[in-house]
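Structure at a glance
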Amino acid sequence: MTLQANWSYPTTIKFGAGRIRELADHCKSVGMARPLLVTDRALAGLPITAQALDILEAAGLGRAVFAQVDPNPNERNMAEGIAAYKAGDHDGVICFGGGSALDLGKMVALMVGQSIPVWDLEDVGDWWTRADASRIAPIIAVPTTAGTGSEVGRAGVLTNSETHKKKIIFHPKLLPAVTICDPELTIGMPKPITAGTGMDAFAHCLEAFCSPHYHPMSQGIALEGLRLVNEYLPRAYATPDDIEARAQMMSAAAMGAVAFQKGLGAIHSLSHPVGAIYGTHHARPMPWSCRWCWISTAPPSRTVWAGRRTTWVSGAVSTASAPG
Ligand SMILES: [Fe+2]
């Protein structure tokens, strides 16, 4: 089976090895003539970033980069990014990287034309309606890890540098206009990042699957995402250039973010505050969260169905955790 496709759900997704070569075409399709590529400091010096910039430059779109992005991006990174965007008279943002770069790029696109504090757009009720939607810059997302799923999400996570609290900033127009999922971009990921981001995708699917809210579409996507991580994360970890495994993990990451519209749970409730203080990865609190949830559930409430579900998931967790 060729793992190459064009999808329109939940946004326009160009999936397949080598599709980064279409980057300039998609910039032009959404009206960008002077895009700003937002990435993180480590990625800025890697060949995959140079390749993306070469593609833009060859198409006459320049090669502008903003890379002052912390692992847990904050409002100061955002302000610097907005300043770079305005100084270069840019007309769109390419979010290129892992979760930090994707989220910060989204924040730059969102806030470059707003006059209210970003914190007023926290994902609370209808707060997103406070934004002037007409002034949000177009976004193209290019993930270089397989975990966050931010490339298909309508939110970004921003850390308040003073309070060290992470806030989810939401607006429907934060959903990228086009997402390029090219698994070749993930081949160079170090093993700890492959494992950590992969388990983040697993956590998204697991928590969505276990959420009590009614959302059968997300339920099905979460289940298949769990299966893909269970089968392909060990392969991607053991053999970094296994392009089939990298592609399936890239799918699983996007599926996790689609699925968690159903809800998240204790893992992310813990990982956001812990990560804001210690800079730890999302999936890190997963073993303790799962163990605590199981122990704290009174036996009478452990229905046969729940028991089977937990047993299945526990098996998947142990298998997928094996590499790390
Ligand atoms: Fe996460």
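Placed above this text is the structure.
Reading the values: the criteria
- Residues numbered from 1 in each chain as written.
- Predicted model: local features only at pLDDT ≥ 70, side-chain atom pairs only at ≥ 80, totals over all residues.
- Pairing = 2+ DSSP bridges.
- Helix = DSSP H or I, 4+ residues; strand = E, 2+ residues; numbered from the N terminus.
- Core = buried A, V, L, I, M, F, W, Y, C linked by C-beta atoms within 7 Å.
- Buried ≥ 20, exposed ≤ 12 C-beta atoms within 10 Å, placed from the backbone.
- Domains from an automatic or database assignment.
- Contact = placed C-beta atoms within 7 Å.
- Axes fitted to C-alpha atoms, helices over the stretch in contact; angles between N-to-C directions.
- Expected span 1.5 Å × (residues − 1).
- Parallel < 35°, antiparallel > 145°, perpendicular 65-115°, else oblique.
- Left-handed = near helix turned anticlockwise from the far one by under 90°.
- Nonpolar A, V, L, I, M, F, W, Y, C, P; charged D, E, K, R; others polar.

1. So, the pairing of strand β8 (residues 166-170)
Of the pairings in the sheet, the one linking strand β7 (residues 155-159) to β8 comprises 5 bridges and is antiparallel in character. Bridge assignment links T159 to a residue of β8, and that residue is K166. Counting the residues between successive antiparallel strands, the hairpin from β7 to β8 contains 6 residues, one of them, H164, with a positive phi of roughly 60 degrees.

2. Brief notes about the nonpolar core
Counting residues in each nonpolar core, the largest one holds 86 residues, and the members touching the most others are V38, C95, V142, C205, V229 and M249. Sort the elements by how many residues they give to this core and helix α8 (residues 243-259) lands first, with 11 residues. A domain split of this core shows at least three residues from each of domain 1 (5-185) and domain 2 (189-321). Non-local contacts of V142, meaning those with residues more than four positions away in its chain, are made with I20, L23, A52, I94, C95, F96 and I180.

3. Re unusual backbone geometry
Look at the link from Y9 to P10: it is a cis peptide, with omega at 0 degrees. Position of P10 relative to the elements: it lies in the loop between β1 (5-7) and β2 (12-15). Despite not being glycine, D89 has its phi angle at roughly 50 degrees, a positive value. Of note, D89 is situated in the loop between α4 (75-87) and β5 (93-97). Located in the positive-phi region is H164, a residue other than glycine, with phi close to 60 degrees. As for its placement among the helices and strands, H164 is situated in the loop between β7 and β8. Look at H164 and you get partly exposed, because 14 C-beta atoms sit within 10 Å.

4. Thoughts on the sheet that holds β1
With respect to topology, 7 strands assemble into an open sheet ordered β1-β2-β9-β6-β5-β3-β4, the strand pairing being mixed. The sheet terminates laterally at β1 and β4 (64-66), the two strands that pair on one side only. Neighbour-to-neighbour, the strand axes of this sheet turn through a mean angle of 20 degrees, independent of strand direction. Pairing of strand β3 (residues 36-38) with β4, which is carried by 3 bridges, proceeds in the parallel orientation.

5. Let's talk about the pairing of β2
Sheet topology places β1 next to β2; 3 bridges connect them, and they run antiparallel. In the strand pairing of β2, W7 is matched with I13. Taken together, β1 and the strand that follows it, β2, pair antiparallel across an intervening segment of 4 residues. Sheet topology note: the β2/strand β9 (residues 178-181) ladder contains 4 bridges and is parallel. Residue I13 lies in a different strand from β9, and its bridge partner there is T179.

6. Brief notes about α8
An α-helix turns once every 3.6 residues. As a result, residues three or four positions apart point the same way. Relative to the 24 Å expected for 17 residues at 1.5 Å per residue, α8 spans 24 Å between its end C-alpha atoms, a close match to the ideal helical length. Buried residues dominate α8, accounting for 15 of its 17 residues.

7. Examining the packing of helix α6 (residues 191-210) against helix α7 (residues 216-238)
Helix-helix packing is described using two parameters, namely the angle between the two axes and the distance between the axes. Running from N to C, α6 and α7 point in directions that differ by 160 degrees, and their axes come no closer than 8 Å. Considering the angle they form, α6 stands roughly antiparallel to α7. By crossing handedness, the relation of α6 to α7 is classed as left-handed. Only S218, Q219, A222, L223, G225, L226, V229, L233, A236 and Y237 of α7 make contact with α6, whose side of the interface consists of K191, T194, A195, G198, A201, F202, C205, L206, A208 and F209. For the contact of α6 with α7, a count of residues per class yields 14 nonpolar, 5 polar and 1 charged.

8. Concerning the packing of α7 against α8
Running from N to C, α7 and α8 point in directions that differ by 150 degrees, and their axes come no closer than 8 Å. Overall, the two elements α7 and α8 adopt an arrangement that is roughly antiparallel. The two elements α7 and α8 cross, and the hand of that crossing is left-handed. The residues of α8 that touch α7, namely those facing S218, I221, A222, E224, G225, L228, V229, Y232, L233, R235 and A236, are A245, R246, Q248, M249, S251, A252, M255, G256, V258 and A259. Broken down by class, the residue content of the contact of α7 with α8 amounts to 13 nonpolar, 5 polar and 3 charged.

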